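# A look at the structure
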Amino acid sequence: MAGNILIIVLVVAVQHLHTPMYFFLVNLSSLETCYSSTILPRLLASFLTGDGTISAHGCITQFYFFGSFVTSECYLLAAMSYDYLAICQPLLYASFMTWKVCIQMAAGSWLMGFLLSAVVIYLLSQLKFCGPKAIDHFFCDLIPLLELSCSETRVVTLVTFMLSLLDLIFPFLFMLASYVCIIAAILRIPSRVSRQKAFSTCSSHLTVITVFYGTLIIVYMMSRLVSLRQLNKVLSFFYTILTPLVNPLIYSLRNREVREALSKGLRKAVVCIQRS
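Note that this is a predicted model, so its numbers are computed, not measured.

### Focus: the overall build of the chain
Across its full length, the chain holds 12 helices and zero strands. Written out in order from the N terminus, the α and β elements of the chain read α-α-α-α-α-α-α-α-α-α-α-α. For a compact globule of 276 residues, the expected C-alpha radius of gyration is about 19 Å, and the chain comes in at 21 Å, within 12% of that figure. Over its C-alpha atoms, taken along the principal directions, the chain stretches across nearly 60 × 50 × 35 Å. Expressed as a percentage of its 276 residues, the buried residues of the chain come to 42%. Partitioning the intrachain contacts of the chain with sequence separation of at least 6 by distance along the chain shows that 75% fall at a separation of at least 24. Accessible surface computed for the chain: about 14800 Å², of which carbon and sulfur atoms make up 70%. In the chain, 19 positive and 11 negative side-chain charges are present, and the distance between their average locations comes to 10 Å.

### Description of the packing of aromatic side chains
Inspection of every chain in the model, using the stated rule, returns 14 aromatic pairs. Ring geometry for Phe-69 versus Trp-110: centroids 6.2 Å apart, planes at 80°, classification edge-to-face. Residue Phe-69 is found in helix 4 (residues 56–87), and its partner Trp-110 is found in helix 6 (residues 99–125); the two are separated by 41 residues along the sequence. Using a relative accessible area of 24% as the deciding quantity, one classes Trp-110 as partly exposed. Between Phe-212 and Tyr-213, the aromatic rings sit 5.5 Å apart at their centres with planes inclined by 85°, giving edge-to-face as the arrangement. The pair Phe-212 / Tyr-213 is uniform in exposure class, with both members buried. The structure contains a cluster of three or more aromatic residues connected by ring pairs, namely Tyr-35, Phe-66, Phe-139, Tyr-220 and Tyr-239.

### Re the nonpolar core
Membership of the largest hydrophobic core comes to 68 residues, with the highest contact counts inside it found for Met-80, Phe-212, Tyr-213 and Tyr-251. At 15 residues, the largest contribution of residues to this core is made by helix 4. Once residues lying within four places of it in the same chain are set aside, the contact partners of Met-80 are Phe-24, Leu-25, Leu-28 and Tyr-251.

### Here we look at the environment of Glu-260
Position of Glu-260 among the secondary structure elements: in helix 12 (residues 256–275). Classification of Glu-260 by relative accessible area gives partly exposed; the value is 36%. Counting along the chain gives 90 residues from Glu-260 to Phe-170, while the straight-line C-alpha distance between them is 36 Å.

### Observations concerning the confidence of the model for the chain
This prediction gives the chain a mean pLDDT of 82; 92% of its residues lie at or above 70. Ranking the elements of the chain by mean pLDDT puts helix 10 (residues 226–229) last, at 58, and helix 6 first, at 93.

### A closer look at the side chain of Asp-141
Among the secondary structure elements, Asp-141 is positioned in the loop between helix 6 and helix 7 (142–147). At 3.4 Å, the side chain of Asp-141 forms a polar contact with the side chain of Tyr-239. Excluding its chain neighbours within four sequence positions, the residues that come into contact with Asp-141 are Phe-63, Val-219, Tyr-220, Ser-236 and Tyr-239.

### Some remarks on helix 8 (residues 154–187)
With 34 residues, helix 8 ought to run about 50 Å at 1.5 Å a step, and its terminal C-alpha atoms sit 48 Å apart, in line with that. Of all the bends found along helix 8, the most pronounced is centred on Ser-164 and spans about 35°.

### Digging into the environment of Asp-136
Assignment of secondary structure puts Asp-136 in the loop between helix 6 and helix 7. Distance in space between the C-alpha atoms of Asp-136 and Ser-30 is 28 Å, their sequence separation being 106 residues.

Thresholds applied
Residues numbered from 1 in each chain as written. Predicted model: local features only at pLDDT ≥ 70, side-chain atom pairs only at ≥ 80, totals over all residues. Heavy atoms only, no water. Helix = DSSP H or I, 4+ residues; strand = E, 2+ residues; numbered from the N terminus. Rg over C-alpha atoms; globule rule 2.2 N^0.38 Å. Buried < 20%, exposed > 50% of the residue type's maximum accessible area, 1.4 Å probe, protein only. Contact = heavy atoms within 4.5 Å. Areas by Shrake-Rupley, 256 points an atom, 1.4 Å probe, with all protein chains shown as cover. Lys, Arg positive; Asp, Glu negative; His and termini not counted. Charge placed at Lys NZ, Arg CZ, Asp CG, Glu CD. Phe/Tyr/Trp six-rings, centres within 6.5 Å; stacked < 30°, edge-to-face > 60°. Core = buried A, V, L, I, M, F, W, Y, C linked by side-chain atoms within 4.5 Å. pLDDT = per-residue confidence, 0-100. Polar contact = N/O pair within 3.5 Å; in protein donor to acceptor, adjacent residues only side chain to side chain. Expected span 1.5 Å × (residues − 1). Bend = angle between axes of the 7 residues up to and from the residue.

See the structure below:
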């Protein structure tokens, strides 16, 4: 979370980072900070106090905000891949990625996340919950909640599956197609050193994206498989904790412009401390 907050502050404060790419990175860092904040404070409080109880409304509220932010990130990552794809056409980039287009794409990602999650939450709120009232998870997720319901859950499961096609499969396929085009553009780079550097960046992006979407697809679209259901908590760790942890390193802190801006900011901070 600290890495994402650092990226947000850095991009907002440094004028020359006010570009479409960093605008999307600020949105990505904001989303990851938000959905980490819906889980980690409550989780830490449970560990420290030993009190793991949460009200039914509080549980559904947590899942709504978590689901909204994660769904928004799925669409935002697809928008970012379009931005990277447009960079491959430098002469047309300025006309493709205007500030109006960037704002519309980012706002659309956030809006889709909150609207589609609201559909699932509405259906979830119509269910009756009974049984042990103990969630077999470290946060309020969909599958553990459905397992506690004594109502018919086929409608919720079907709607969730259909929405997952929109939220996960289509953005993921779009991103894969974008990266195929990006790799094709990289292969045309004459310099071997530049080509290797571009491949290194592209491969790290693809690895994180595949882990993020892959774990989400398994958890939300393949939950009927008992063998995979036992791994839900482990898989959830990847998209709730690991991805927000490594994304600032993969997308921003490896970037020379960001490192230079960060070092300048640290030097200024040291000078200010010494003067005071």
